[in-house]
Amino acid sequence: MAELLWSLQDSQLVARFQRHCGLFPAPDEGPSENGAGPTDREARTPGLGHLPAAKGKGAGEPANGLRRLAAPQAYVEKYVVKNYFYYYLFRFSAALGQEVFYITFLPFTHWNIDPYLSRRLTIIWVLVMYIGQVTKEILKWPRPFSPPVVKLEKRVIAEYGMPSTHAMAATAISFTLLISSMDRYQYPFVLGLMMAVVFSTLVGLSRLYTGMHTVLDVLGGILITAILIVLTYPAWTLIDRLDSASPLLPVCVLVVPFLLCYNYPASDYYSPTRADTTTILAAGAGVTIGFWINHFFQLVSEPTESLPVIQNIPPLTTELLAVGLAKFTVGIVLILLVRQLVQKLSLQVLYSWFKVVTRNKEARRRLEIEVPYKFVTYTSVGICATTFVPMLHRFLGLL
């Protein structure tokens, strides 16, 4: 009862923040099925309309294992935007905590800035995101109630709220980058600190504006991340040397994350949480293996520790921009090709092995299919980004 009362109060606080920023529910005209611009969008969701908890690894699946229980469906509700500055600011900020940002920023950092920083960012990001995702499934705290909150996103509406993994990822990436770059590059520390605070704050506020999280969700995510950074900081030097570790490292890096994904906590109903977690852990495994391959086969020469002399950040020139854009474009194209090819092949093998009808999208949600195909696909993507893309850059003369 206390949790319910607190959730109601926190939802009211989120709703007041939305109104203050010029986001209002449209006059009640009943549910609408089609949106047409920023004033015709989703969402209204039942408050605690969760289905009974599923049990076991195949949680929520009937005897044939093809379908899990459906998540509560969101009604579509019109809303009115009276301040487009906040609307576009927070919609953009929300995107900084989503997959599209990770699959662009992290590879860009590796190809154009510093592989050393990329390794630290990726591993800390994976650790923080996994703990955040699992914590959601353990706590099972609801997202803000709608009404009074207006919800602007639909894909993650079936997930639980506490903690905000957007806030966790933004805090982890910004402050890990700040801490890791201090002894490698010369720049005003106060400026770097301000950028880290602004970045994480904007992403946190965007989760309130979009109606996806309560204030407690966001603060909880930031606090958990701060604790994890403090606890793991002594091991960051070990992270820097992962690429030169034992030949058994690839085996451990593959087996442990896969088992964590396969034994992911059962949800009350199907949500994308397990799939997203598998994607994150697999990408981290692929990146780690890629760095190990680079070192073991001496494919690239990369510093694994702090530079003996702190470098100045190079000036941003037209030539540097052109080369950076070319490297990024080549890398993203190759990654997308690998992702598409490996996903298609892995699904075909799994469909044949489990005798599932091809093109059955519901079958992708089965534990024994979803986890392996996601894991194989994004492990391949991680290896490609750290090993094959730099080799292609060198072949094309872009290094």
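Residues numbered from 1 in each chain as written. Predicted model: local features only at pLDDT ≥ 70, side-chain atom pairs only at ≥ 80, totals over all residues. Heavy atoms only, no water.

**Here we look at the overall build of the protein chain**
No. 1: For the protein chain, the helix and strand inventory stands at 12 helices and four strands.
No. 2: Per-residue burial for the protein chain yields a buried fraction of 50% across its 399 residues.
No. 3: Considering only intrachain contacts with a sequence separation of at least 6, the fraction spanning at least 24 residues in the protein chain is 83%.
No. 4: Accessible surface, the protein chain as shown: approximately 19600 Å² in total, 69% of it carbon and sulfur. (Helix = DSSP H or I, 4+ residues; strand = E, 2+ residues; numbered from the N terminus. Buried < 20%, exposed > 50% of the residue type's maximum accessible area, 1.4 Å probe, protein only. Contact = heavy atoms within 4.5 Å. Areas by Shrake-Rupley, 256 points an atom, 1.4 Å probe, with all protein chains shown as cover.)

**Things to note about the nonpolar core**
No. 1: Judged by nonpolar contacts, the single largest core of 41 residues is most densely connected at Y102, W111, W125 and I335.
No. 2: Counting only elements with at least two residues in this core, the list comes to helix 3 (99-113), helix 4 (115-139), helix 5 (165-181), helix 6 (189-209), helix 9 (249-262), helix 10 (273-296), helix 11 (318-353) and helix 12 (367-395).
No. 3: Looking at this core, the element that brings in the most residues is helix 12, giving nine residues.
No. 4: Not counting residues within four places of it along the chain, the set of residues in contact with W111 comprises K327, F328, G331, I332, I335, A385, V389, P390 and H393.
No. 5: With 16 residues, the next largest nonpolar core counts F17, C21, Y79 and Y87 among its residues. (Core = buried A, V, L, I, M, F, W, Y, C linked by side-chain atoms within 4.5 Å.)

**Side note on the side chain of Q133**
No. 1: As for its position among the elements, Q133 is in helix 4.
No. 2: Q133 has contacts with E159, T165, Y264, T273, D276 and T277, leaving out every residue within four places of it along the chain.

**Some thoughts on the packing of aromatic side chains**
No. 1: Throughout the structure, instances matching the rule amount to 12 aromatic pairs.
No. 2: A network of ring pairs unites the aromatic residues F17, F85, Y86, F90 and Y209 as a single cluster.
No. 3: Above the plane of the ring of F291 lies R119, whose end atom (NZ or CZ) is 4.6 Å from the centre.
No. 4: Against the face of Y116 rests R184, its NZ or CZ located 3.9 Å from the ring centre. (Phe/Tyr/Trp six-rings, centres within 6.5 Å; stacked < 30°, edge-to-face > 60°. Lys NZ or Arg CZ within 6 Å of the ring centre and 35° of its normal.)

**Topic: the pattern of salt bridges**
No. 1: All chains considered together, the criterion is met by three salt bridges.
No. 2: Of the charged contacts, one joins E368 and R366 as a salt bridge, the two residues approaching to 2.5 Å between their closest N and O atoms. (Salt bridge = Lys/Arg side-chain N within 4 Å of Asp/Glu carboxyl O.)

**Side note on the confidence of the model for the protein chain**
No. 1: Chain-level statistics for the protein chain give a pLDDT mean of 78 and a share of 79% at 70 or above.
No. 2: In the model of the protein chain, strand 4 (residues 311-312) stands out as the element of lowest mean pLDDT, 68, in contrast to helix 7 (residues 215-232), which has the highest, 92.
No. 3: Taken together, the stretch residues 29-76 has pLDDT below 50 and engages in 110 contacts with residues farther than four places along the chain or on a different chain.
No. 4: With pLDDT under 50 throughout, residues 303-308 is counted as low confidence; its partners more than four residues away or in other chains account for 15 contacts. (pLDDT = per-residue confidence, 0-100.)

**Observations concerning unusual backbone geometry**
No. 1: Here the phi dihedral of K140 falls at roughly 55°; this positive angle occurs in a residue that is not glycine.
No. 2: Inspection of the secondary structure puts K140 in the loop between helix 4 and helix 5.

**So, helix 4**
No. 1: With 25 residues, helix 4 extends 36 Å between its outermost C-alpha atoms, agreeing within 8% with the 36 Å of an ideal straight helix rising 1.5 Å per residue.
No. 2: Of all the 25 residues making up helix 4, 21 are buried; the element is thus mostly covered by neighbouring parts of the structure.
No. 3: The opening residue of helix 4 is D114, an N-cap whose side-chain oxygen sits 3.0 Å from the backbone nitrogen of Y116.
No. 4: Phi for K140, located one or two positions after helix 4, is positive at around 55°. (Expected span 1.5 Å × (residues − 1). Polar contact = N/O pair within 3.5 Å; in protein donor to acceptor, adjacent residues only side chain to side chain.)

**Brief notes about the packing of helix 9 against helix 10**
No. 1: Orientation of helix 9 relative to helix 10, taken along the N-to-C sense of each, is 175°, at an axis distance of 10 Å. Judged by the angle between their axes, helix 9 and helix 10 are roughly antiparallel. Packed against helix 9, whose contacting residues are L249, P250, V253, L254, P257, L260 and C261, the element helix 10 presents R274, T277, T278, L281, A285, T288, I289 and W292 at the interface.
No. 2: Here the contact of helix 9 with helix 10 is composed, by residue class, of 11 nonpolar, three polar and one charged. (Axes fitted to C-alpha atoms, helices over the stretch in contact; angles between N-to-C directions. Parallel < 35°, antiparallel > 145°, perpendicular 65-115°, else oblique. Nonpolar A, V, L, I, M, F, W, Y, C, P; charged D, E, K, R; others polar.)

**Looking at the side chain of T210**
No. 1: Looking at the element boundaries, T210 is found in the loop between helix 6 and helix 7.
No. 2: Among the polar contacts made by the side chain of T210, one reaches the main-chain carbonyl oxygen of S206 at a distance of 2.8 Å.
No. 3: In this structure, T210 is in contact with Q18, R91, A94, V150, K151, L152 and E153, ignoring residues within four places of it in sequence.

**Details of the environment of L254**
No. 1: As for its placement among the helices and strands, L254 is situated in helix 9.
No. 2: In this structure L254 comes out as partly exposed when scored by relative accessible area, which is 34%.
No. 3: With 30 residues separating them along the chain, L254 and G284 place their C-alpha atoms 9.8 Å apart.
No. 4: Those residues in contact with L254 that sit more than four places away from it in its chain are I289, F375 and T379.

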